[in-house]
Amino acid sequence: MMADNMERELGWDDTIEHDSSGFVLLPPGEYEFWIDSFERARHMGSGNLPACNKAIVKVKIMSEKGEECTIKHNLFLHSKCEGLLCSFFTSIGMRKHGEPLRMNWPAIVGRYGRCRVGVREYTNQNGETRQANQIEQFLEPAEISSGQSKSWSPGSF
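These remarks concern the structure in this document. (Residues numbered from 1 in each chain as written. Predicted model: local features only at pLDDT ≥ 70, side-chain atom pairs only at ≥ 80, totals over all residues. Heavy atoms only, no water.)

**Observations concerning the sheet that holds strand β3 (residues 68-77)**
Keep this limit in mind: Two strands pair if DSSP finds at least two bridges between them. Under the DSSP-based scheme used, a helix requires at least four consecutive residues in state H or I and a strand at least two consecutive residues in state E, with every element numbered from the N terminus. Lines fitted to C-alpha atoms define the axes, with helix axes restricted to the stretch in contact, and inter-axis angles between N-to-C directions lie between 0 and 180 degrees.
Taken in spatial order, the five strands line up as β3-β2-β1-β4-β5 in an open sheet, and their pairing is antiparallel. Strand pairing shows two members of the sheet lacking a second neighbour, β3 and β5 (129-139), which therefore form its edges. Across the sheet, the axes of successive neighbouring strands diverge by a mean angle of 40°, strand direction being ignored. Note: strand β4 (residues 112-123) against β5, ten bridges, orientation antiparallel. Each residue of the ladder has a partner; that of Y122, found in β5, is R130.

Okay, structure coming up:
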């Protein structure tokens, strides 16, 4: 028997029992997160970015009410996005700021970090305006809202 938290394809005659906990929209702000999973995919190209590999990362965040929220975040493996990749790996503690890193994607699962979450509006297929969370920035481990590191205190250098 498979564990309840394992994602899997359902068969046509499978038994189902787990109700959806509903959609959770986080208010904008800074949150701790952990990486639940990732998948390798391909970006087919757009006006801003040519075709390239991408990692689709499932980021889990716990709301203040104890509800679990999942945000899918695309990380594009292209030199135009190298700074974003560096921010991601620095945030989860696999890279020190300013140092080179060979990306090790399987090692990201289970890692923790902090990020800034925002809300974006979009129009669904029925023409209805909806909202969804998006990760706006991955934060360095010591970074807090004021932009200062946790070890900094006024009057000390």
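Okay, back to it.
**Points about the packing of aromatic side chains**
Counted only if it meets this: A pair of Phe, Tyr and Trp rings is counted when the ring centres sit within 6.5 Å of each other, with Trp represented by its six-membered ring. The angle between the planes then sorts it: under 30 degrees is stacked, over 60 is edge-to-face, the rest tilted. We call a residue buried when its accessible area falls under 20% of the maximum for its residue type, exposed when it is over 50%, and partly exposed in between, using a 1.4 Å probe and counting protein chains only.
All told, the structure shown has seven aromatic pairs when counted by the stated rule. With a centroid separation of 6.3 Å and an interplanar angle of 40°, the aromatic rings of W34 and Y112 are classed as tilted. With W34 in strand β1 (residues 29-43) and Y112 in strand β4, the pair connects residues that are 78 residues apart, well separated along the chain. Here Y112 falls in the exposed class, since its relative accessible area comes to 57%. Between F88 and F89 the ring centres are 5.2 Å apart and the planes differ by 80°, which places this aromatic pair in the edge-to-face class.

**Focus: the nonpolar core**
Keep this limit in mind: Only buried Ala, Val, Leu, Ile, Met, Phe, Trp, Tyr and Cys residues count toward a nonpolar core, and they belong to the same one when joined by side-chain atoms within 4.5 Å.
In this structure, V57, I61, F88, W105 and I108 are the most contacted members of the largest nonpolar core, which totals 23 residues. Among the secondary structure elements, those contributing two or more residues to this core are β1, β2 (52-62), β3, α1 (82-91), β4 and β5. Ranked by residue count, the leading element in this core is β2, at four residues.

**Regarding the pattern of salt bridges**
Side-chain pairs of opposite charge can arise where the charged atoms are in close proximity. To be explicit about the condition: Whenever Lys or Arg places a side-chain nitrogen within 4 Å of a carboxyl oxygen from Asp or Glu, that contact is recorded as a salt bridge.
Applying the stated criterion across every chain yields a total of four salt bridges. Across the pair E30 and R114 runs a salt bridge, and its minimum N-O distance is 3.4 Å. Remark: R114 occurs in strand β4 and E30 occurs in strand β1; sequence separation between them is 84 residues. Of the charged contacts, one joins K60 and E68 as a salt bridge, the two residues approaching to 3.1 Å between their closest N and O atoms. For E68, a relative accessible area of 40% puts it in the partly exposed group. When salt bridges with common partners are traced through the structure, they connect E30, R114 and R116 into a single cluster.

**Some remarks on the state of the cysteines**
A disulfide bridge is the covalent bond that connects two cysteines by way of their sulfur atoms. Condition: Counting rule for disulfides: a pair of cysteine sulfur atoms within 2.5 Å.
A complete count under the given rule lists zero disulfides for this structure. Left unpaired, C81 is separated from the closest cysteine sulfur, that of C52, by 6.5 Å.

**Considerations on the pairing of β2**
Summarising burial for β2: nine of the eleven residues are buried, a large majority. As defined by bridge partners, β1 adjoins β2 across nine bridges and the pair is classed as antiparallel. For R40, the partnering residue across the bridge sits in β2 and is A55. Once β2 ends, the chain turns through five residues before running back antiparallel as β3, passing G66 with a positive phi of about 85°.

**What about the environment of E64?**
Within the fold, E64 resides in the loop between β2 and β3. Overall, the relative accessible area of 83% leaves E64 in the exposed class. It is 9.8 Å that separates the C-alpha atoms of E64 and Y31, two residues lying 33 residues apart in sequence.

**Comments concerning the layout of surface pockets**
Counted only if it meets this: Put plainly, a pocket is an open set of points on a 1 Å grid over the protein atoms alone with protein on both sides within 12 Å along at least five of seven lines, a cavity is a set where a 1.4 Å probe fits but cannot get out, and a lining residue has an atom within 4 Å of a point. Grid points are joined across faces, edges and corners, and a volume is the space filled by probe spheres set on the points. Classification used: nonpolar for Ala, Val, Leu, Ile, Met, Phe, Trp, Tyr, Cys and Pro, charged for Asp, Glu, Lys and Arg, polar for all others including Gly.
By volume, the second largest pocket amounts to about 200 Å³. Residue lining of the second largest pocket: H73, N74, L75, F76, C81, L84, L85, S87, I135, E136, Q137 and F138, and that is the complete set. For the lining of the second largest pocket, the secondary structure elements donating two or more residues are β3, α1 and β5. Residue composition of the lining of the second largest pocket, grouped by class: seven nonpolar, four polar and one charged.

Coordinates in, geometry out; function isn't part of it.
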